[in-house]
Amino acid sequence: QQPGRGLPAAVGALCRALPPRARPAPDTLRRARFDRPQASLDFWRLLYALLKQIHGGKWTESDAIDNQIRFVKSALWYHGYGRPELYRLPSDGSAGSRELLLAFSWLLHRVSLLEQLLAQNRVKTGDETSVCTCEDALPSSQKTTTEMAPEYALGDRIDVRYLQWLNGRLRFQWRSLHAQHQEQCKLLHKIHLFTSGSHMDQILGHFSATETDLVRQPENYKQLLQLLDSETMQLEAYLEWKQLEPVYWQWMETVLDNMAEEGKMCESQDAHVEKSGLSKATSCCPWADGLTGQIDRLSRDLMTLHDQLHKLVTHRKAAWCEKVKTREEELEKEGFSAAARKIQESVELKLLDLTSLCAPEKKKMHGSCRLVFRSKHPASKTGFDGCVSKEPVSAVSAAEVIRDLQLREASLGRELKQLQEECRRRLDEIAEGLDRVICIPP
């Protein structure tokens, strides 16, 4: 299928699959393909709204455009977007719509933008909670992007007291969040207990908070139906987008090809201007020939010096490698006991985890689950009911989740203790090399 045939339908489905408040016009993407400055502001606002929703922040359309652009650049840098042309765009949003189109397409592919937005904006009619017992590894794109965007990086020196204040503030907010979560669980327990046996679905058996609110205020069902209709239309657009997605990526390939061709044309024009300027200077100035000869002689001298330096560096590098090899052999004899101690600690840590490793592999839980109250069943079947399947077999008890989390906590605690011991040993080695310094452990 040609990129141009189904492109309007693909772009339209993509726009309809986005949240209503951040839904762009299809013409915005088409204008950005030709780098129209009129589409730059719309694209900055679009990326700002989408990234704010992903990161759970509040946003309003009245936010200053420079603040929106600053946030978008920082968020893209956090996600691993490394194209430097985007970070050089002006802060007034006057240019760069095609660069923003590339960043938007990169988010679609790299971070599953549509899927995240659909999951976050889903209408929740049941009482749900997030359960995760798997070991989430940080994506490779984020392991090397812990710092902020280049133009927004912090200074070279940071006051330690400011970091301590941030740590204390984070701990306080964590305790407040935990207390609020406990209060929410208590209220949900009361709702589930008082409405037990009232639901038509015998597997659930009780109302959720949303259903209880509808029973108390029946007039709110119209708003709920509108939200459900909007979500249904959004899901239908997403299904249509998945069918037409290859057309969109073929179109983006043509965008990249055009950008590469324009870049080559600009380079050739710059080279032509430099050559023409040099020829004009040679023809107009009688002393230009002598200057050109001096430049050639200097170039030959520089090449000769470069060769000599290369030979010298190679010789010294070989000598240093020989010295390092000799020193390594000496250190191997001295550090044998330290290496043996480190291996022993590693073996002990592996032995502590041997029980969990030899246990039968269980399916790790990750995602959102619906809370279901079970009072007349054994403890092995009380707890969570999967949000996709409502069969009792797929139910997960809170006791199982707590037990898995406790095992994970113990493993992380042992790993933390090992790292602390290693850091303390390294600090002791550094302190031994300091003269006239006394280190007192805390």
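Residues numbered from 1 in each chain as written. Predicted model: local features only at pLDDT ≥ 70, side-chain atom pairs only at ≥ 80, totals over all residues. Heavy atoms only, no water.

In the nomenclature of an unreviewed UniProt entry, the protein corresponds to TEDC1 protein from the organism Rissa tridactyla.

Asks: Describe unusual backbone geometry, listing the residues and the values that go with them.
Replies: Of note, Asp-35 is a non-glycine position whose phi angle comes to about 60°, a positive value. With respect to the helices, strands and loops of the structure, Asp-35 is situated in the loop between helix H2 (26-33) and helix H3 (40-54). Judged by relative accessible area, which is 33%, Asp-35 ranks as partly exposed. Of note, the phi angle at Ser-112 is positive, near 50°, even though the residue is not glycine. (Helix = DSSP H or I, 4+ residues; strand = E, 2+ residues; numbered from the N terminus. Buried < 20%, exposed > 50% of the residue type's maximum accessible area, 1.4 Å probe, protein only.)

Asks: Please set out the side chain of Gln-234 residue by residue, giving values where relevant.
Replies: Among the secondary structure elements, Gln-234 is positioned in helix H11 (residues 221-284). A relative accessible area of 7% means that Gln-234 is categorised as buried. When near neighbours in sequence (up to four residues on either side) are disregarded, Gln-234 contacts Arg-16, Ala-17, Leu-18, Pro-19, Pro-20 and Leu-118. (Contact = heavy atoms within 4.5 Å.)

Asks: Summarise the packing of H3 against helix H6 (residues 97-110); cite the residues concerned and give the values.
Replies: At a minimum axis separation of 9 Å, H3 and H6 run at an interaxial angle of 25°. In terms of orientation, H3 lies roughly parallel with respect to H6. Here H3 and H6 pass one another in a crossing that is left-handed. Side by side, H3 and H6 meet where Ser-40, Phe-43, Trp-44, Leu-46, Leu-47, Leu-50 and Leu-51 of the first sit next to Ser-97, Leu-100, Leu-101, Phe-104 and Leu-107 of the second. (Axes fitted to C-alpha atoms, helices over the stretch in contact; angles between N-to-C directions. Parallel < 35°, antiparallel > 145°, perpendicular 65-115°, else oblique. Left-handed = near helix turned anticlockwise from the far one by under 90°.)

Asks: I'd like to hear about the packing of aromatic side chains, residue by residue, with values.
Replies: Scanning all chains against the criterion turns up eight aromatic pairs. Aromatic pair Trp-77 and Tyr-87: ring centres 5.2 Å apart, planes at 80°, arrangement edge-to-face. Residue Trp-77 is found in helix H4 (residues 65-79), and its partner Tyr-87 is found in helix H5 (residues 84-87); the two are separated by 10 residues along the sequence. With a relative accessible area of 18%, Trp-77 lands in the buried category. The class of Tyr-87 is buried, set by a relative accessible area of 11%. With centroids separated by 5.3 Å and ring planes inclined at 70°, the aromatic side chains of Trp-241 and Tyr-248 adopt a geometry described as edge-to-face. (Phe/Tyr/Trp six-rings, centres within 6.5 Å; stacked < 30°, edge-to-face > 60°.)

Asks: Give a description of the environment of Ser-397 that names residues and reports values.
Replies: With respect to the helices and strands, Ser-397 occurs in the loop between strand E3 (383-386) and helix H15 (398-432). Separated by 23 residues in the primary sequence, Ser-397 and Arg-374 have C-alpha atoms spaced 9.5 Å apart.

Asks: Before we move on, could you go through the side chain of Thr-195 and cite the residues and values that matter?
Replies: In this structure, Thr-195 sits in the loop between helix H9 (160-194) and helix H10 (209-216). A residue is classified by how much of its surface remains accessible, and Thr-195, at 14% relative accessible area, is buried. A distance of 2.6 Å separates a polar side-chain atom of Thr-195 from the backbone oxygen of Ile-191. Discounting chain neighbours no more than four positions away, the residues touching Thr-195 are Gly-205, His-206, Phe-207 and Thr-212. (Polar contact = N/O pair within 3.5 Å; in protein donor to acceptor, adjacent residues only side chain to side chain.)

Asks: Explain the packing of H2 against H6 residue by residue, including any values.
Replies: Remark: H2 packs on H6, axes separated minimally by 7 Å, with the N-to-C direction vectors making an angle of 115°. Judged by the twist between their axes, the crossing of H2 over H6 is left-handed. In contact with Leu-29, Arg-31, Ala-32 and Arg-33 of H2, H6 contributes Ser-97, Arg-98, Leu-101 and Phe-104.

Asks: If you had to explain H6 to someone new, which residues and values would you point to?
Replies: The first and last C-alpha atoms of H6 sit 20 Å apart over 14 residues, in line with the 20 Å expected at 1.5 Å per residue. Taken across its 14 residues, H6 has 12 buried, putting it largely inside the fold. Three or more residues of H6 are buried, namely Ser-97, Arg-98, Glu-99, Leu-100, Leu-101, Leu-102, Ala-103, Phe-104, Ser-105, Trp-106, Leu-107 and Leu-108. Once H6 finishes, Ser-112 follows within two positions and takes phi at roughly 50°, a positive value. (Expected span 1.5 Å × (residues − 1).)

Asks: Summarise the nonpolar core; cite the residues concerned and give the values.
Replies: Ranked by internal contacts, the top residues of the largest apolar core, which has 50 residues, are Leu-29, Leu-76, Phe-104, Leu-113 and Tyr-248. Put simply, the parts of the chain that give this core at least two residues each are helix H1 (7-17), H2, H3, H4, H5, H6, helix H7 (113-120) and H11. Leaving out residues up to four positions away in the same chain, Tyr-248 has contacts with Leu-14, Leu-29, Leu-101, Phe-104, Ser-105, Leu-108 and Trp-241. (Core = buried A, V, L, I, M, F, W, Y, C linked by side-chain atoms within 4.5 Å.)

Asks: Any details on the pattern of salt bridges? Residues and values, ideally.
Replies: Taken as a whole and assessed by the stated rule, the structure comprises nine salt bridges. With a shortest N-O distance of 2.6 Å, Arg-16 and Glu-240 are connected by a salt bridge. With Arg-16 in helix H1 and Glu-240 in helix H11, the pair connects residues that are 224 residues apart, well separated along the chain. Given a relative accessible area of 38%, Arg-16 falls into the partly exposed group. Since its relative accessible area comes to 29%, Glu-240 is described here as partly exposed. Between Arg-424 and Glu-421 there is a salt bridge, with the nearest N and O atoms lying 3.2 Å from each other. Here Arg-424 and its partner Glu-421 are both found in helix H15, three residues apart, which amounts to about one turn of the helix. Residue Arg-424 is classed as partly exposed on the basis of its relative accessible area, which comes to 42%. Connected through shared salt-bridge partners, Arg-31, Asp-42 and Arg-45 make up one network. (Salt bridge = Lys/Arg side-chain N within 4 Å of Asp/Glu carboxyl O.)

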